[in-house]
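Residue-level listing of the chains:
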There are 2 protein chains.
Amino acid sequence: MVRQLKLGAVLMGVGGPGQHDTWTHPEIPGDASIDIRWYAERARQAEAALFDLVFIVDSQFITPDSPPHYLNRLEPLTLLSALAVSTTHIGLVGTLTTSYNTPFNLARRLASLDLISGGRAGWNVVATGDGGTAANYSRDEHFDYASRYGRALESVRVCQGLWDSYEDDAFPRDVATGVFVDPTRQHRLDHVGEHFSVRGPLNISRSPQGQPVIFQAGDSDEGRDLGASIGEGIFTHSPTLEKAQAFYRDIKARAAAKGRDPEHVLIMPGVTPVVADTDDEAREIERANRLGKDFAKNLAQFGRPFGWHDFSGYDLDAPFPDLGDLGADSFRTQAEQIKKVAREERLTLRQTVERFMSSTPQPFVGSATTVAAEIERWFTGRGLDGLNVHITVPSEFARFTDEVLPILRERGVVRSEYEATTLRGNLGLPIPRNVHTAAREARVPTPAHV
Amino acid sequence: MVRQLKLGAVLMGVGGPGQHDTWTHPEIPGDASIDIRWYAERARQAEAALFDLVFIVDSQFITPDSPPHYLNRLEPLTLLSALAVSTTHIGLVGTLTTSYNTPFNLARRLASLDLISGGRAGWNVVATGDGGTAANYSRDEHFDYASRYGRALESVRVCQGLWDSYEDDAFPRDVATGVFVDPTRQHRLDHVGEHFSVRGPLNISRSPQGQPVIFQAGDSDEGRDLGASIGEGIFTHSPTLEKAQAFYRDIKARAAAKGRDPEHVLIMPGVTPVVADTDDEAREIERANRLGKDFAKNLAQFGRPFGWHDFSGYDLDAPFPDLGDLGADSFRTQAEQIKKVAREERLTLRQTVERFMSSTPQPFVGSATTVAAEIERWFTGRGLDGLNVHITVPSEFARFTDEVLPILRERGVVRSEYEATTLRGNLGLPIPRNVHTAAREARVPTPAHV
């Protein structure tokens, strides 16, 4: 099969990190983040452009200073279930944390979405970086870093085990003989692990794609290892092709070392292309977007990797403060990277905020021809397998789909029609074999659940 | 406002307790319980008949012997969210357990459904009777009876507190001044209780009906007390008008004793009306339905209140066995009632199963005229405020809506058109005042959260 670029659309409403002010845009309703019609229209727009998936981010911890979209939004899976019956082909990928959900509930809700959508569900597995979340879930403190990743890995394994509770021929539903279920095709899991004990079976059967597709993001060593273990799609951010290629090679090598087929781990960086009539015009728009942001809001958002540390009392023009190990239990890699750069380059707080919050020029900025050529260069250069496109303004999204994608389609880089009605089918990922069916047909015992 | 009968429709697929064999019915697809189109068609059928709500039951524990619908079905809230965009007026009531969900997740998912549906969400609060469920949630044993009810009450209070996180004017979204949120209208909960600690705020605002409507079922003293405390709709089962009236008076008195308006606690027994051309014919159908059931399946289902105790090894015609306190931590009231009747009436196991599983003639059986008259008698006699109609076969449901309801409509007992687009509006329940708005306007501190 010819390798083609995969396309995701990040669906948001009124502005998250780096997009604080989208709620003031005339094309975006002020309550977009809680308006199901907004999401349905955006999903249909992406589906009309033959995107593989829509992607819903999440968090459960807010303060009055949180970005607009964070303050007031729909829970991802509840939202995606409504989108499942508003669309027909596009994949539905939701963020759900393994730190504050039980595996049985996760497995059940995702399997339900998978059936309702006819096999289009995906799960972006997160371990939750915001330490403040713990207080919403009867815990004095957030799980430590190692526990979070251990729970994430174990949760996914448990869910995958539960999703195989029924073999595909478990329900004869034979009216003549009165046999509804074949009890030999229903399987308990009997999982006993470090973090969870789950007996099963799950009370739901498999969808046309077998199991929901697993997505993951995470740039720390632990995060990359988790992604290489369980991720079938990897969300990331890569400012340059060289960094993208290095990340790509690293993840694929880690996956291969774990015995997985690297082609079944799709690297999809999040990008915000800016398309204009000329390259100069596009660069100017991108620059104005970056510099036009409200510094105070960026400063608040800058605190997130440090556990939403409040930087507003600091002298902006003094050297970057000594923060000790602040952030070690939140978004550790990001926090350490910020501290390292600030120290090595002797930056002030203001310079550090500008560096990390708003001052990196984005890739994929220019005329449609330029943007298409850049995307193709990154794709053929193995910097990515797909793009997770984050453009909230509908007319700007349309400019990308109507001007850039036709060029890529002409060159065979993106599809001309959906290959399948399932997310796995469109992403070119195999349907996971039911472990019990496989063991039975090989005449061996089902492997012990890990 | 004229008091009118409220109508719920229990939506199931291929047969639950007492309806084992519906999966063999030619009108019911064998995979109805996992088919979103089946549910959407049933919901639209009920909406066309101006029903107040559809109701989804639930459980999370199965064995190979569980009834067909239990074996393989959609998670209630995932299902209802898809129905929210497939319907426009009907209420969407889902069963969610407080034993194996955290209040923050419950509050968030229900609030999301409430916004997606435009204010039509309802929550049937259950504490989970099936002891085996614990093993799916990393617990050695199920919560004991008192803990379950304590957790249920506290969960609902926490959710109601979280649902008031934002006052209705919290989001000015003023483009001119750049003010998206008014931080003085966002409130933390800071709940610290016996079972849960939840800081808040919830990251979602209120729907047009303010908060989801709370439903509850439960016949034990603790269950009735919980219903009287938090229930706005009470699901129950009443075989005779006299028993229905006694239950009705008891719940309303308990609610009044707690300072609530008894008119805002709606009693809605579950019923399965049988409508035929003549009373005799209807009674014959009802009797055949009851006696035609598979005894072995009834025997398996009979074990449920006793923690799915397996009765298949007992002598069916010996006196009812001594079960000790089996069932005390499952469905206690039901288990104790069965033991009491079997002992007092010296029944065999077979007689006991027949008595409790299949042998009580149902009310509301007869010609359309008879059924309508009976419903009106129970309604005006204050045996009920509404009916939770459980008819799975579409043509039989249509017979009830097309023949019985027009008679009741003629007499003013049921509505001729929806009064509102929210569930509260149609049920005649008030919108709960936001506690923070109320306290501010009364110039008193927000009452401490209980």
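Criteria and cut-off values
- Residues numbered from 1 in each chain as written.
- Chains lettered and ligands numbered in written order.
- Predicted model: local features only at pLDDT ≥ 70, side-chain atom pairs only at ≥ 80, totals over all residues.
- Heavy atoms only, no water.
- Helix = DSSP H or I, 4+ residues; strand = E, 2+ residues; numbered from the N terminus.
- Buried < 20%, exposed > 50% of the residue type's maximum accessible area, 1.4 Å probe, protein only.
- Contact = heavy atoms within 4.5 Å.
- Lys, Arg positive; Asp, Glu negative; His and termini not counted.
- Charge placed at Lys NZ, Arg CZ, Asp CG, Glu CD.
- Pairing = 2+ DSSP bridges.
- Right-handed = clockwise from strand over helix to strand, strands pointing away.
- Salt bridge = Lys/Arg side-chain N within 4 Å of Asp/Glu carboxyl O.
- Buried area = accessible area lost by both parts, 1.4 Å probe.
- Polar contact = N/O pair within 3.5 Å; in protein donor to acceptor, adjacent residues only side chain to side chain.
- Phe/Tyr/Trp six-rings, centres within 6.5 Å; stacked < 30°, edge-to-face > 60°.
- Lys NZ or Arg CZ within 6 Å of the ring centre and 35° of its normal.
- UniProt positions renumbered as here; feature names shortened; annotations may be inferred.
- Domains from an automatic or database assignment.
- Expected span 1.5 Å × (residues − 1).
- Axes fitted to C-alpha atoms, helices over the stretch in contact; angles between N-to-C directions.
- Least-squares fit on C-alpha atoms with pLDDT ≥ 70 in both.
- Parallel < 35°, antiparallel > 145°, perpendicular 65-115°, else oblique.
- Left-handed = near helix turned anticlockwise from the far one by under 90°.
- Nonpolar A, V, L, I, M, F, W, Y, C, P; charged D, E, K, R; others polar.

Draft legend 1. Representation of the overall build of chain A in the model. Each helix and strand counted, chain A has 15 helices and 12 strands in total. With respect to the principal axes defined by its C-alpha atoms, chain A has extents near 80 × 55 × 40 Å. Burial analysis of chain A (450 residues in total) assigns 59% to the buried set. For chain A, the proportion of contacts with a sequence separation of at least 24, taken over those separated by at least 6, is 74%. If the 48 positive side-chain charges of chain A are averaged to one point and the 60 negative ones to another, these points end up 4 Å apart.

Draft legend 2. Fine view of the pairing of strand β9 (residues 266-271) of chain B. Residues and elements named next belong to chain B. For β9, the buried fraction is high: 5 of the 6 residues fall into the buried class. For strand β8 (residues 233-236) and β9, the ladder comprises 4 bridges, and the chain directions are parallel. For Thr-236, the partnering residue across the bridge sits in β9 and is Pro-269. One crossover worth recording links β8 to the parallel β9 by way of helix α7 (residues 241-257), and it is right-handed. Direction of pairing for β9 relative to strand β12 (residues 386-389): parallel, over a ladder of 2 bridges.

Draft legend 3. Highlighting the pattern of salt bridges. All names here are of chain A. On inspection of all chains with the given rule, the structure shows 65 salt bridges over all chains. Of the charged contacts, one joins Lys-339 and Glu-336 as a salt bridge, the two residues approaching to 3.2 Å between their closest N and O atoms. With Lys-339 and Glu-336 both in helix α10 (residues 332-344), this residue pair falls 3 residues apart, about one helical turn. Within the structure, one salt-bridge network assembled from shared partners comprises Asp-219, Asp-221, Arg-224, Asp-225, Asp-250, Arg-254 and Lys-258.

Draft legend 4. Structural view of the interface of chain B and chain A. On the side of chain A, 67 residues touch chain B, which itself brings 66 residues to the contact. Buried area between chain B and chain A, both sides added, is near 5400 Å², and the carbon and sulfur share of it is 59%. The three residues of chain B that bury the most area against chain A are B:Trp23, B:Arg108 and B:Phe180, which together make up 12% of that side's buried surface. Where chain B touches chain A, the interface holds 2 salt bridges. One salt bridge connects B:Arg108 with A:Asp58, and the closest N-O pair in it is separated by 2.6 Å. Inspection of the chain B/chain A interface yields 28 residue pairs in polar contact (both at pLDDT 80 or more).

Draft legend 5. Here's a closer look at the packing of aromatic side chains. If you walk through the whole model with that rule in mind, you get 36 aromatic pairs over all chains. Where B:Phe306 meets B:Phe311, the ring centres are 5.6 Å apart and the plane angle is 75 degrees; that geometry is what we call edge-to-face. With respect to class, B:Phe306 is no different from B:Phe311; both count as buried. Three or more aromatic residues link up through ring pairs in this structure, and these residues are A:Phe302, A:Phe306, A:Phe311, A:Tyr314 and A:Phe320. The positively charged end of B:Arg42 is found above the aromatic ring belonging to B:Trp38, 4.5 Å away from the centroid.

Draft legend 6. Seen up close, the UniProt feature "binding site: FMN" (unreviewed entry) in chain A. Residue and element names in this part refer to chain A. When the UniProt feature table is mapped onto this chain, "binding site: FMN" (unreviewed entry) is found at Asp-58, Thr-95, Tyr-149 and Ser-220. Topologically, Thr-95 is positioned in strand β3 (residues 91-97). Residue class for Thr-95 comes out buried when judged on its relative accessible area of 3%. At 2.7 Å, the side chain of Thr-95 forms a polar contact with the backbone oxygen of Ile-56. Among the secondary structure elements, Tyr-149 is positioned in helix α5 (residues 145-163). According to the relative accessible area criterion, Tyr-149 is buried, its value standing at 16%. Other than its neighbours up to four places away in sequence, Tyr-149 contacts Gln-216, Ser-220, Glu-222, Gly-223 and Leu-226.

Draft legend 7. Layout of the domain arrangement of chain A. Residue and element names in this part refer to chain A. In terms of domain boundaries, chain A breaks down into domain 1 (6-273 + 365-438) and domain 2 (283-358). Each partner contributes to the interface: domain 1 provides 19 residues, whereas domain 2 provides 14 residues. Summed over both partners, the interface of domain 1 with domain 2 buries about 1500 Å², with 52% contributed by carbon and sulfur atoms. In this structure, Glu-222 and Arg-332 form a salt bridge, with 3.8 Å as the shortest nitrogen-oxygen distance. At the surface where domain 1 touches domain 2, the tally comes to 4 residue pairs in polar contact (both at pLDDT 80 or more).

Draft legend 8. Helix α4 (residues 103-116) of chain A, seen in detail. Residues and elements named next belong to chain A. Here α4 contains 14 residues, and its C-alpha end-to-end distance of 20 Å stays within 8% of the 20 Å for a straight helix at 1.5 Å per residue. Most of α4 is tucked away, with 14 of its 14 residues classed as buried. The first or second residue beyond α4 is Gly-118, which carries a positive phi of 70 degrees.

Draft legend 9. Structural detail: the sheet that holds strand β7 (residues 213-217) of chain A. Residues and elements named next belong to chain A. Read once around its circumference, the closed barrel built from 8 strands follows the order β1-β2-β3-β4-β7-β8-β9-β12, with strand pairing classed as parallel. Neighbour-to-neighbour, the strand axes of this sheet turn through a mean angle of 25 degrees, independent of strand direction. Relative to β3, strand β2 (residues 53-56) is paired through 4 bridges, and the arrangement is parallel. Residue pairing in the sheet places Ile-56 in a bridge with Gly-94 of β3. Contacting β4 (121-126), β7 and β8 (233-236), helix α6 (residues 221-230) crosses the sheet at an angle of about 165 degrees to β7.

Draft legend 10. Representation of the relation of the copies chain B and chain A within the structure. When chain B is fitted to chain A, the best match, at an RMSD of 0.1 Å, comes from turning it 180 degrees and sliding it 0.0 Å along the axis. Interpreted geometrically, this transformation is the action of a two-fold axis. Residue B:Ala82, judged by its C-alpha, is the member of chain B lying nearest the rotation axis, at 2.2 Å.

Draft legend 11. The packing of helix α1 (residues 36-48) of chain A against helix α3 (residues 76-84) of chain A, seen in detail. Residues and elements named next belong to chain A. Remark: α1 packs on α3, axes separated minimally by 10 Å, with the N-to-C direction vectors making an angle of 60 degrees. By the angle between their directions, the pair α1 and α3 is classed as oblique. Here α1 and α3 pass one another in a crossing that is right-handed. Two secondary-structure elements touch here, α1 through Ile-36, Tyr-39, Ala-40 and Ala-43 and α3 through Leu-79, Ala-82 and Leu-83. Its residues assigned to classes, the contact of α1 with α3 shows 7 nonpolar, no polar and no charged.

Draft legend 12. Spatial organisation of unusual backbone geometry. With an omega dihedral of 0 degrees, the bond running from A:Gly200 to A:Pro201 counts as a cis peptide bond. Summarising the element assignment, A:Pro201 is placed in the loop between β6 (197-198) and β7. The phi angle at B:Ser138 is positive, at roughly 60 degrees, despite the residue not being glycine. Within the secondary structure layout, B:Ser138 lies in the loop between β4 (121-126) and α5 (145-163). Taking the relative accessible area as the measure of exposure, B:Ser138 reaches 35% and is therefore partly exposed. The residue B:Arg382 is not glycine, and still its phi comes out positive at about 55 degrees. Locating B:Arg382 in the fold gives a position in the loop between α12 (368-380) and β12. The class for B:Arg382 is partly exposed, based on a relative accessible area of 31%.

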